[in-house]
Amino acid sequence: MFLLRLAARNVFRRRGRTLIISSILVLAVAMFILFESLMVGMMDVSFRNVIDFEIPHIEIARKDYFTESEKSHTLPIGKRFIPEDRLISDVQKLKGYQAMTGILEFSADFISGRYEFPVRVRAVDPDTFNDVFMNSQYIVAGTFLDGNGPGVVIGSRLAEFFDLDVGEYFVMRFTDIGGSFNTIEGEVTGIVTTPHPDINLTTVFVNREHAAPRIGVEDLAVTQLMVRLEDRELASSQSNALMDTLGGNPLQARSYREGADFLVSLEQWGYLETYFLLALFLLVGAIGIISAVVLSAIEREKEIGMMKAMGMGESSILRLFMLEAGGIGVVGGALGCLIGAVIIFFFNTYGFDMDIFMDFSEIGVPVSGRIYGPWNFDAFLLIFVIVVIVSIIASILPALWAARKNPIDAIEKR
Amino acid sequence: MSLLTLEHVDKTYGQGDLQVHALNGVDLTISKGEFTTVFGPSGSGKTTLLNLIGALDRPTSGSVVFLDKPIGSMNRHEQAAHRRFHVGFIFQSYNLIPVLTAYENVEFALKITGIRDSKKIHSQVTDMLDHVGLSELMHRRPNQLSGGQKQRVAVARALVKHPKLVLADEPTANLDSKTSKEVIEVMLRMNRELHTTFIFSTHDPMVMEYARRMVEIRDGNISQDTER
Amino acid sequence: MHLITIAWRNLKRHGLRTGIALLAVAAVVLIVIFSRGFVKSLTESSFRLYIDNMYGHVRITTEEYALREMLLPLDHMMDGFNSAGISSMVEELEQHSSVRYVMPRVRFGAMASRDDDMVRMMGIGIDVQRERTYGALAEDISSGRMIKEGNEILVGSGLMEDLKAEVGDRVTLVFSDAFQSLRGRTFQIVGVRDSGVSDLDNVIFYVPLDTAQDMLWLDDEASELLVYTYSTDTTEALLADMRTLLHEQGSDEYLAVPWNQANPFVEMYSEMDNIMFAAYLLFVVMGTIVVVSTLTMIVRERTAEIGMMSALGLSSREIMGVFILEGFFIGVIGSLIGSAVGGLLTLYYSQAGFYVEAFDMFTSEADILIEPVFYLSFSMENLVFSFIMGTVVVTLASFLPAFKAAKLEPVDALHYGDD
Ligand SMILES: Nc1ncnc2c1ncn2[C@@H]1O[C@H](COP(=O)(O)OP(=O)(O)O)[C@@H](O)[C@H]1O
Ligand SMILES: [Mg+2]
């Protein structure tokens, strides 16, 4: 206890140095908090966009559908199914269940004028689709699908490429279930600009009632059953729960995270980068701590010598220096958290325009516009503890050096 | 009754051509309750001798025995423990801990002996500061005290744990003659009242006058040993 | 001169203390070298892929083509200056001194059916003679041979798997010609290309230029010209030349775009060094903090000595000089150590490379041409840059404690006590 008091006073006595050295730690802490928040914020928006516009919380399909659709160039329309009542009631019983909709997905070439472009067609039931997905809220021209007309809704980027407007004519060419080329023709009824850039280019929406007979599949057939839950946190557990109840069914369920494996690996890469940077910051911080301990020990040589002459054990002196280093860590960690909190406050209220940094949509990350950094108190706690621990560990060697110095030499120095 | 015995003690510093024989075959016996001075010219070996007696250092050869314990051959940790309980030190340059008050500096010596009873600590520390005449100034930090006051704090710190032996290496060298007198008189009073054994080195004749036994040392040898 | 001696000896007085300050400087300089080497190699190898495969040093297309490139249109072809044909345009461009060679290419979409699956791919019609002489294509052929003429194709390794084909097999490809009619033609696979980049290997096949023109009903036309100069550094000059030339020829509908503006990702990465400068500086400042605190302590410790010196009549500028010199020494020696270690490290990893799994997953899913194995780029420029950065920042920072020392009043300084 009295060691603690002594350490605190020494830290305070050289407050100039304490502040200077701890400013290294302050930088490390504030940077980490900012990066972490930036990343979590970006991932959060990305996942939200995936959920709202591409894959909702849970996606149900035939076994192998997911692997096959990823592997092959053409979506496997053969792997369709007709949802049974059992399945539907099972899904409705899921915790946090909100809505579900069936989707029939297939590949086609979108043709207009002299151009053609490969797209993913989502044949949907507009009523239930709008309960699960948000696309219809982002219509910028025309209307979203209604009734069972032959029209399509396309994304704004696709419309730009084709110079298409609402009411203009298009053809979609695809291979039907019998293996021969078939087409859907009609007018563009709506153009949508979602925050998910990919959807704006590659996805075309059409009424399922209209599309099913042209592909040659059963009226009720779908390739995926999309389920929306109340909360993202429930997705994994409910998807697993559903897997269990599906049992012998030839179906499988997956959560949005499994569907968005690109984002998951991006997230991992982001964390790797953040922690690598943190490690470098802490390395410099550790050198700072070592320097602080050595400077302090040199300066207090006589004092330490006297303590040893009085019979104070080396382990106590070791502990004294470690406590002082811990003190610098606490100061640096606390100030860093404070500054980090100020940064996050602004980041959280005013957001950060990702577009000035780079166009993430170009590499396929579903982010555009402003992102807002979330408050993540775990990150504050984590970095604070890490900084204090690193400070203490870094001090061990120089503290040992200080504690083992010969007291006679020290005392004799004038 | 003897407190401390040195037999054929040699101390050599350095190696090869640069060797310095600081002490050559010193024999010395110190009894309980002595008030003894070690004097001699600068470089004669006074500090070296006191360091060996105080278990701050080990002799190159010969034995140093403190109440049947061979302190000359202890390891660092045993020596530290020995000093903690049995020896008090006073140095020329006070060596107080700058971030602690006078009271806390004295208290520090007690705390490292492992005493936890705060009442006992408090009474012992205030007693001791009273003895050295510093009750009024006990909450000042070292940089708010004069040299004589600082040295009196150092005396109190050395004595507060009631050690069997107090070693003072030129305790008055940094002080003017009036303050030197005050400090040495405090030491003498302590010796009388608490029966603590004192050994101090000096080359100030006025300070030597207070000693009851005078050991003269020259070139690492005891050249004269007189009692009065 | 005597100031240098004083400064030097003072540093030696507490070797450990000085050593740690040196360590701090060396560590941050090392970090800067490492990061720059990393970014540089990441961008360089990625840039090379983009330059070799997609953009040349400067790419010339029609404006309309650049706009709708993703659709692989066939109706915005270039037919040369004054519609005299692309071959003569290529030859004309190659007359220019800044041009090393030019590659005309036609890009088009195609499909093949395999079992139930329609395999989608991108065909590139290439000038076999030129690509064989200059291009990077011939180096990456993992089996079989380069195409020569007729209905021969060179297929990416990933695409090869999707086609479930082998070298020597014949495949029938379906594609739309310039008149929008769906056509088919059978080709023989004569070689496999394995560039190591899945974005290239999974979708692209190569066919002789005249075959492509023939099958697509094109005349002597190309969708793009990749123009190469002698080194990436002279891209600007090439670009200027090309733009004047296009203008002189009255071909203002043609667009010349340098590689580093061809794609937002490349654009951002080519700005990387500037963006990262702040980060590098931050690290160096962190290391410098250690030096400042050491120098501050040296000043405090030597207060009496400084008082003495100024009492003896040394000017405050000279006193400052001593401390700035000490900072400078630490800066120079620390940066030197950092550069030496950094040089060895980057040299080693420029050969060996290291593999990061998370990055592999990331790049294979993103639309970026980057190899998942990291190399550090070794360059003298990097070492010199980092050395200078370390030295300058540390020396500048030592002005702070030096000011403190110079400001000390001789009287105060001499009265400085130890408790
Ligand atoms: N650590 C040491 N290393 C080398 N020589 C020393 C050391 N300490 C003391 N000496 C030498 O030993 C001799 C005795 O020194 P010391 O005991 O300090 O004398 P005094 O205290 O009487 O002035 C001197 O010659 C001194 O130079
Ligand atoms: Mg001495």
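Each remark here, short or long, concerns the structure printed above.
Chemist: Can you lay out the overall build of chain B for me, pointing to particular residues and giving the numbers?
Modeler: Of the regular secondary structure elements, chain B holds seven helices and ten strands. By the compact-globule yardstick of 17 Å for 228 residues, chain B fits well, its C-alpha radius of gyration being 17 Å. Within chain B, buried positions represent 58% of all 228 residues. Considering only contacts within chain B whose residues lie at least 6 apart along the sequence, 70% involve residues at least 24 apart. Approximately 9700 Å² of chain B is accessible, and the part contributed by carbon and sulfur atoms is 47%. In chain B, which carries 27 positive and 26 negative side-chain charges, the distance between the mean positions of the two groups comes to 7 Å.

Chemist: Go over the nonpolar core, please, and point to the residues and values.
Modeler: Burial of nonpolar side chains together is a common tendency in soluble globular proteins. Counting residues in each nonpolar core, the largest one holds 131 residues, and the members touching the most others are B:Leu4, B:Leu6, B:Leu49, B:Ile53, B:Phe108, B:Leu129 and B:Met187. With residues near it in sequence (within four places) discarded, B:Phe108 still touches A:Phe2, A:Leu6, A:Met307, A:Met310, A:Met312, B:Ile97 and B:Leu100.

Chemist: How would you explain the interface of chain B and chain A if you had to name every residue and give the values?
Modeler: Buried accessible area, meaning the area lost when the parts come together, often serves as the stated size of an interface. If you look at the interface, chain B gives 29 residues, while chain A gives 23 residues. In this assembly, chain B packs against chain A so that about 2400 Å² is buried in total across both faces, 60% of it on carbon and sulfur atoms. Its largest share of buried area at the contact with chain A, chain B owes to B:Asn95, B:Val99 and B:Phe108, together 22% of the area lost on that side. Between A:Glu314 and B:Arg76 there is a salt bridge, with its nearest N and O atoms 2.7 Å apart. Counting across the chain B and chain A interface gives eight residue pairs in polar contact (both at pLDDT 80 or more). Of all elements in the fold, only α1 (46-53), α2 (76-86), β6 (87-91) and α3 (102-111) of chain B reach the threshold of two or more residues within the side of chain B that touches chain A. Class assignment for the residues of the side of chain B that touches chain A results in eleven nonpolar, seven polar and eleven charged.

Chemist: Could you give an account of the pattern of salt bridges, naming the residues involved and the relevant values?
Modeler: Tallied over the full model, the rule gives 52 salt bridges over all chains. A:Arg5 is the salt-bridge partner of B:Glu104, the closest N and O atoms lying 2.9 Å from each other. With B:Glu104 in helix α3 and A:Arg5 in helix α1 (residues 2-13), this pair bridges two chains. Here the salt bridges share partners, and the residues they tie into one network are A:Arg5, A:Arg9, B:Glu104, B:Glu107 and B:Lys111.

Chemist: Break down the packing of α3(B) against helix α4 (residues 118-131) of chain B for me, citing the residues and quoting the values.
Modeler: Residues and elements named next belong to chain B. It is the contact of α3 with α4, at a shortest axis distance of 10 Å, that shows an interaxial angle of 125°. As judged from the angle between their axes, α3 and α4 are oblique. Considering how the two elements wind past one another, α3 and α4 form a crossing that is right-handed. Residues Tyr-103, Val-106, Glu-107, Leu-110 and Lys-111 of α3 form the contact with α4, whose own contacting residues are Ile-121, His-122, Gln-124, Val-125, Thr-126 and Leu-129.

Chemist: So what about the site of ligand 1? Which residues, and what values?
Modeler: All names here are of chain B. What surrounds ligand 1 is the set Tyr-13, Val-20, Ala-22, Pro-41, Ser-42, Gly-43, Ser-44, Gly-45, Lys-46, Thr-47 and Thr-48. A distance of 2.7 Å is found between an oxygen atom of ligand 1 and a backbone nitrogen or oxygen belonging to Gly-43. A distance of 3.3 Å separates an oxygen atom of ligand 1 from a polar atom in the backbone of Ser-44. Mapped by element, the contributors of at least two residues to the shell around ligand 1 are β2 (20-31) and α1. With three residues, the single largest contributor to the shell around ligand 1 is α1. Among the residues forming the shell around ligand 1, the class breakdown is four nonpolar, six polar and one charged.

Chemist: Can you explain the sheet that holds strand β7 (residues 165-169) of chain B? Please cite residues and give values.
Modeler: Residue and element names in this part refer to chain B. The six strands lie next to each other as β6-β7-β8-β3-β9-β10, forming an open sheet whose pairing is mixed. Single-partner strands in this sheet number two, and they are β6 and β10 (221-227). Adjacent strand axes in the sheet meet at a mean angle of 15° when their direction is disregarded. Pairing of strand β9 (residues 213-218) with β10, which is carried by six bridges, proceeds in the antiparallel orientation. Each residue of the ladder has a partner; that of Arg-213, found in β10, is Glu-227. Each of β3 (35-39), β7, β8 (197-202) and β9 is contacted by α1, which is oriented at about 155° to β7, the strand it contacts most. Strands in contact with helix α5 (residues 147-159) are β6, β7 and β8; relative to β6, the strand with the most contacts, it is inclined by about 170°.

Chemist: Which residues make up the pairing of strand β9 (residues 224-228) of chain C, and what are the values?
Modeler: Residue and element names in this part refer to chain C. Judged by how many residues are buried, β9 sits mostly within the fold: five of five residues are covered. Neither face of β9 is exposed, since Glu-224, Leu-226 and Tyr-228 on one face and Leu-225 and Val-227 on the opposite face are all buried. Across three bridges, the pairing between strand β1 (residues 58-62) and β9 is antiparallel. Within the sheet, the bridge partner assigned to Val-58 lies in β9 and is Val-227.

Chemist: So what's going on with the interface of chain A and chain C? Residues and values would help.
Modeler: The partner chain C presents 56 residues to the 55 residues of chain A that form the contact. With both chains or domains summed, chain A and chain C bury close to 5100 Å², and 71% of this area falls on carbon and sulfur atoms. Of all residues in chain A, A:His73, A:Arg114 and A:Trp269 give up the largest surface area on contact with chain C, accounting jointly for 14% of the area buried on that side. Across the chain A-chain C interface, the total number found is three salt bridges. Salt-bridge contacts for C:Arg68 lead to A:Asp163; the nearest nitrogen and oxygen are separated by 3.5 Å. Going through the elements one at a time, α2 (15-53), β2 (97-112), β3 (115-124), α6 (156-162), β6 (169-175) and α11 (261-299) of chain A are the ones with two or more residues in the side of chain A that touches chain C. With 21 residues, the top contributor of residues to the side of chain A that touches chain C is α11(A). Residue classes in the side of chain A that touches chain C are distributed as 32 nonpolar, ten polar and 13 charged.

Chemist: Give me the packing of aromatic side chains: which residues, what numbers.
Modeler: Here the structure, examined in full by the defined rule, presents 32 aromatic pairs over all chains. Geometrically, the ring pair formed by C:Phe179 and C:Trp217 is edge-to-face, given 6.5 Å between the ring centres and 70° between the ring planes. With C:Phe179 in the loop between β6 (170-176) and β7 (182-193) and C:Trp217 in the loop between α8 (209-215) and β9, this residue pair connects regions lying 38 residues apart in the sequence. Plain terms: the ring middles of C:Phe277 and C:Phe385 are 6.2 Å apart, the flat faces sit at 70° to each other, and that makes the pair edge-to-face. With a gap of 108 residues between them, C:Phe277 in helix α11 (residues 272-301) and C:Phe385 in helix α15 (residues 380-397) connect regions that are remote in the sequence. The partly exposed category is assigned to C:Phe277, whose relative accessible area is 38%. Cluster of aromatic residues (ring-pair linked, three or more members): A:Phe110, A:Tyr115, A:Phe162 and A:Phe170. Its end group placed over the ring of A:Phe12, A:Arg15 keeps NZ or CZ at 4.7 Å from the ring centre. Of note, A:Arg254 hangs over the ring of A:Phe66, and the distance from its end group to the ring centre comes to 3.7 Å.

Chemist: I'd like a description of the packing of α2(A) against helix α13 (residues 314-350) of chain A, backed by residues and values.
Modeler: All names here are of chain A. Look at α2 against α13: their axes get within 7 Å of each other, and the N-to-C directions meet at 40°. For the pair α2 and α13, the sense of crossing is right-handed. Within the contact of α2 with α13, the residues separate by chemical class into 17 nonpolar, eight polar and no charged.

Chemist: Can you tell me about the pairing of strand β7 (residues 181-192) of chain A, naming the residues and giving the values?
Modeler: Residues and elements named next belong to chain A. Inspection of the sheet shows strand β4 (residues 139-142) paired to β7 by three bridges, in the antiparallel sense. Bridged to Ala-141 within β7 is Ile-191. Note that strand β5 (residues 152-155) and β7 share four bridges and pair parallel. When the sheet's bridge partners are listed, Val-153 is paired in β7 with Gly-190.

Chemist: Residues and numbers for the environment of A:Val217, please.
Modeler: Residue and element names in this part refer to chain A. Turning to its location among the elements, Val-217 is positioned in the loop between α8 (208-215) and β9 (224-229). Classification of Val-217 by relative accessible area gives buried; the value is 7%. In this view, Val-217 contacts Ile-77, Arg-80, Leu-104, Ile-177 and Ala-212; residues no more than four positions away in its chain are not counted.

Rules used in this analysis
- Residues numbered from 1 in each chain as written.
- Chains lettered and ligands numbered in written order.
- Predicted model: local features only at pLDDT ≥ 70, side-chain atom pairs only at ≥ 80, totals over all residues.
- Heavy atoms only, no water.
- Helix = DSSP H or I, 4+ residues; strand = E, 2+ residues; numbered from the N terminus.
- Rg over C-alpha atoms; globule rule 2.2 N^0.38 Å.
- Buried < 20%, exposed > 50% of the residue type's maximum accessible area, 1.4 Å probe, protein only.
- Contact = heavy atoms within 4.5 Å.
- Areas by Shrake-Rupley, 256 points an atom, 1.4 Å probe, with all protein chains shown as cover.
- Lys, Arg positive; Asp, Glu negative; His and termini not counted.
- Charge placed at Lys NZ, Arg CZ, Asp CG, Glu CD.
- Core = buried A, V, L, I, M, F, W, Y, C linked by side-chain atoms within 4.5 Å.
- Buried area = accessible area lost by both parts, 1.4 Å probe.
- Salt bridge = Lys/Arg side-chain N within 4 Å of Asp/Glu carboxyl O.
- Polar contact = N/O pair within 3.5 Å; in protein donor to acceptor, adjacent residues only side chain to side chain.
- Nonpolar A, V, L, I, M, F, W, Y, C, P; charged D, E, K, R; others polar.
- Axes fitted to C-alpha atoms, helices over the stretch in contact; angles between N-to-C directions.
- Parallel < 35°, antiparallel > 145°, perpendicular 65-115°, else oblique.
- Left-handed = near helix turned anticlockwise from the far one by under 90°.
- Near = heavy atom within 4 Å.
- Pairing = 2+ DSSP bridges.
- Phe/Tyr/Trp six-rings, centres within 6.5 Å; stacked < 30°, edge-to-face > 60°.
- Lys NZ or Arg CZ within 6 Å of the ring centre and 35° of its normal.

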